[in-house]
Amino acid sequence: MPGSPWTRLLALCATSALGAQTTPPAPTAKLDDLPRTRPETTEFRETSSAADVLGFLRALSALPRGDHLSLDSIGQTHEGRDLWLLRIAAPAPTAKDAEPRLRALVLGNIHAGEVEGKEALQLLAREFAAGQHQDLLADLELYFLPVYNADGNERLGRQNRPGQNGPEWTGQRPNAQGLDLNRDFVKADAPETRALLAAFTRLDPHLFVDLHTTNGSYHGYHLTYAPSLSPNVAPAVAAVSRALLDRATAAMAQQGFATFDYGNFETRDWDGSGAPESKPGVRGWYTYDHRPRYGVNYFALRHRVAILSEAYSNCDFATRVAATRAFVLALLHGAAADRQRLRAAARAAEAAAQQPGQRLGFDTTFAAPESLPVLVGAVDTVPAPPGGSVRHVRKGDGVPEVMPVVRAFTARQFRTLPAAWAIREPSADLQDRLRRHGIECTVLAAERTVRAERFAVAKKVKPKRPYQGHQELVLHGTWGAASDVALAAGTLWVPARQRFSMLAAQLLEAESEDSLSSWNFLEAATGDEYPVLRIQAPD
């Protein structure tokens, strides 16, 4: 597509099939009269500051459907910057409407060097304010958080994203505490994470989308994606997530964007079958991680659809913004069209959480590989300017190569959830984290005798160096036979049959691969016996 990056982005937005109106549009302002983002006013040489974004969003109120937009701060960053959440909704539905609208929350800038989501959400907000996409607002209530890592966003530097195909200056990956916010969803150390967890609880969105930019392998895609990769996601939620991605893939292809499951090229001596030497030296496409410290993996344990978006950093900046915008819009259209299935999946998962027999999967490994074509890409390397860094530029559309594709995980062991968990002498930090995650629990007012299983700790393993402010703890041991145990007053009681039962299991079980114990919240009480008891027969 010829022309400047700004011209190309305008053309992509204007010709988007998903942008077509199915209901009469509102009067629209002329293009020259519309507020413009920082990239648009600089020919995509610069990205927006937090103040730029706030000023832009406030200016949208003057547009024909600006009354559909409202701003609210959901909390503050470590350095005291507001986290501005934009709500986009048509007037409240009438009493004739059978169900409330589906809610979607889209997050940008969790890594502040990955700026496409921040810019794409501003463009979409302008389109809604100008009167576009009104058919979506009949079925959806939208929440955009364009600048989640606001402190990191303001720490502009040339070396924050070396090799990325523009812009030259971006924010930094961690927040002002030095924490990677996309590793914080279990431990919830950052004020940004705590604010987002509170928003999850208050809004309870049916769809969560987390917008990133990948600078990994050289592939031929404009954007890659992933659903939650946790093996403990409810089957109904996993199925509707995949269906939503399949629909979005087709919609993106109609607009000329190549998309695929997120991953990287790796050569491994293990093909995913469990036999370490079964196929030595096999090159394949491997996804990233299943643990709930990552936002998308975490959110789906709350029985809702969660999607990761990764624009390709070697596309030019304008194309990355356009691809991200189109992907979000495709997901929103898919969610609106399949809204009854999304609701049904959530209801099925919540009903199952209240039933006995739920099982936590652990000892997780890659699922069996699929033989699929993957676009293998190439880049041109542009020499570094004075004071800058080299730039890698997408070259061609990639060449398809059939190879093993590993885009899921599977658990090799399972533990049936107990009737409840009991935690002796729980710390204030532990209780705080459980509350923030929405886990139901009570403190015993009097002594109680129960039948419980106890985990005998044989070995503790920790790295020498801290990670994200903690030293990740791995426990090795065995479960003993159930026996009568006296619980003192002050013991924390966590029922397993509750809305977020699987999330509670992930946070508390001794064999969980990403628990509050992993992040040292139970370590002070962990001697030869793990302090969380599995209750088999509560009185």
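Notes on the structure in this doc start here.

Rules of the game
Residues numbered from 1 in each chain as written. Predicted model: local features only at pLDDT ≥ 70, side-chain atom pairs only at ≥ 80, totals over all residues. Heavy atoms only, no water. Pairing = 2+ DSSP bridges. Helix = DSSP H or I, 4+ residues; strand = E, 2+ residues; numbered from the N terminus. Axes fitted to C-alpha atoms, helices over the stretch in contact; angles between N-to-C directions. Salt bridge = Lys/Arg side-chain N within 4 Å of Asp/Glu carboxyl O. Buried < 20%, exposed > 50% of the residue type's maximum accessible area, 1.4 Å probe, protein only. Phe/Tyr/Trp six-rings, centres within 6.5 Å; stacked < 30°, edge-to-face > 60°. Expected span 1.5 Å × (residues − 1). Arc of directions from axis to C-beta. Contact = heavy atoms within 4.5 Å. Parallel < 35°, antiparallel > 145°, perpendicular 65-115°, else oblique. Left-handed = near helix turned anticlockwise from the far one by under 90°. Polar contact = N/O pair within 3.5 Å; in protein donor to acceptor, adjacent residues only side chain to side chain.

**Examining the sheet that holds strand β5 (residues 207-214)**
Working step 1: Spatially, eight strands are ordered β1-β2-β4-β3-β5-β10-β6-β7 in an open sheet, and the strand pairing comes out mixed. Since the sheet does not close on itself, it has two edges, and those belong to β1 (69-76) and β7 (259-261), each with one partner. Sheet twist, expressed as the average angle between the axes of neighbouring strands with direction ignored, equals 25°.
Working step 2: Taken together, the six bridges between strand β3 (residues 102-107) and strand β4 (residues 140-145) define a ladder with parallel strand orientation.

**Examining the pattern of salt bridges**
Working step 1: Throughout the structure, instances matching the rule amount to 44 salt bridges.
Working step 2: For arginine 320, the salt bridge is made with glutamate 116, and the minimal N-O distance between the two is 2.6 Å. Of the two residues, arginine 320 is situated in helix α10 (residues 317-337) and glutamate 116 in helix α4 (residues 116-129); the sequence distance between them amounts to 204 residues. Judged on exposure class, the residue arginine 320 and its partner glutamate 116 are both buried.
Working step 3: Between aspartate 432 and arginine 433 there is a salt bridge whose closest N-O contact spans 3.0 Å. Of the two residues, aspartate 432 and arginine 433, neither departs from the other in class, the shared state being buried.
Working step 4: Where salt bridges share partners, they join Asp184, Lys187, Asp189, Asp432, Arg433, Arg435 and Arg436 into one cluster.

**A closer look at unusual backbone geometry**
Working step 1: Looking along the chain, the bond that leaves glycine 166 and enters proline 167 is cis, with omega of -10°.
Working step 2: Backbone geometry places phenylalanine 44, a non-glycine residue, at a positive phi of 60°.
Working step 3: The topology assignment puts phenylalanine 44 in the loop between α2 (38-41) and α3 (50-59).
Working step 4: Located in the positive-phi region is histidine 133, a residue other than glycine, with phi close to 60°.
Working step 5: Looking at the secondary structure, you find histidine 133 in the loop between α4 and α5 (134-137).
Working step 6: Histidine 133 gets classed as buried once you look at its relative accessible area, which sits at 1%.

**A look at the sheet that holds strand β13 (residues 391-406)**
Paired through their backbone hydrogen bonds, the strands of a sheet run either parallel or antiparallel.
Working step 1: On the basis of which strands lie adjacent, the open sheet formed by four strands has the order β8-β9-β13-β12 and mixed pairing. A single partner strand is all that each edge strand has here, and the edge strands are β8 (264-268) and β12 (370-382). Neighbour-to-neighbour, the strand axes of this sheet turn through a mean angle of 40°, independent of strand direction.
Working step 2: Two elements, β8 and strand β9 (residues 282-286), share five bridges in a ladder whose sense is antiparallel. Bridged to arginine 268 within β9 is valine 282.

**Things to note about the packing of aromatic side chains**
Two descriptors summarise a pair of aromatic rings, namely the distance from one centre to the other and the angle between the planes of the rings.
Working step 1: Per the counting criterion, the structure on display carries 15 aromatic pairs.
Working step 2: For the pair tyrosine 221 and phenylalanine 260, a centre-to-centre distance of 5.4 Å together with 15° between the ring planes defines the contact as stacked. Here tyrosine 221, found in the loop between β5 and β6 (223-227), pairs with phenylalanine 260, found in strand β7; they are 39 residues apart in sequence, far enough to count as distant.
Working step 3: Classification of tyrosine 221 as buried rests on a relative accessible area of 5%.
Working step 4: Ring centres of tyrosine 467 and tryptophan 519 lie 6.2 Å apart, and the angle between their planes is 25°; this geometry places the pair in the stacked category. Here tyrosine 467, found in the loop between β18 (455-461) and β19 (474-479), pairs with tryptophan 519, found in the loop between α13 (501-508) and β22 (532-537); they are 52 residues apart in sequence, far enough to count as distant.
Working step 5: An aromatic cluster is defined as three or more aromatic residues linked by ring pairs; in this entry it consists of Phe200, Phe208 and Phe299.

**What to know about the pairing of strand β21 (residues 492-495)**
Working step 1: Bridge analysis of strand β15 (residues 420-423) against β21 gives four bridges, and the strand direction is antiparallel. Opposite isoleucine 423, over in β21, you have leucine 492 as the bridge partner.
Working step 2: Note: strand β16 (residues 442-443) against β21, two bridges, orientation antiparallel. Within the sheet, the bridge partner assigned to valine 443 lies in β21 and is leucine 492.

**Some remarks on helix α8 (residues 235-254)**
Working step 1: Between its first and last C-alpha, α8 extends 29 Å over 20 residues, near the 28 Å set by a 1.5 Å rise per residue.
Working step 2: Among all positions in α8, only Val237, Val240, Ser241, Leu244, Leu245, Ala248, Ala251 and Met252 are buried. Around the axis of α8, the buried residues are gathered within 140° of arc, so they sit on the same side. Of the residues in α8, the exposed ones pointing more than 90 degrees away from the buried face are Pro235, Ala253 and Gln254.
Working step 3: On its buried face, α8 is in contact with β5, β6, β7, β10 (305-312), α10 and α11 (339-353).
Working step 4: Where α8 ends, the next residue or the one after it, glycine 256, has phi of about 90°, a positive value.

**Considering the packing of α8 against α10**
Working step 1: At a minimum axis separation of 9 Å, α8 and α10 run at an interaxial angle of 130°. With respect to their mutual orientation, α8 and α10 come out oblique. As α8 packs across α10, the resulting crossing turns out to be right-handed. Listed contacts from α10 to Leu244, Leu245, Arg247, Ala248, Ala251 and Met252 of α8 are Ala323, Ala326, Phe327, Ala330, Leu331, Gly334, Ala335 and Ala337.

**Focus on the side chain of asparagine 153**
Working step 1: Looking at the element boundaries, asparagine 153 is found in helix α6 (residues 150-153).
Working step 2: Within the structure, asparagine 153 has its side chain in polar contact with the backbone oxygen of serine 48 (distance 3.3 Å).
Working step 3: Discounting chain neighbours no more than four positions away, the residues touching asparagine 153 are Ser48, Ser49, Ala50, Asn109, Ala112, Lys118, Val147 and Gly171.

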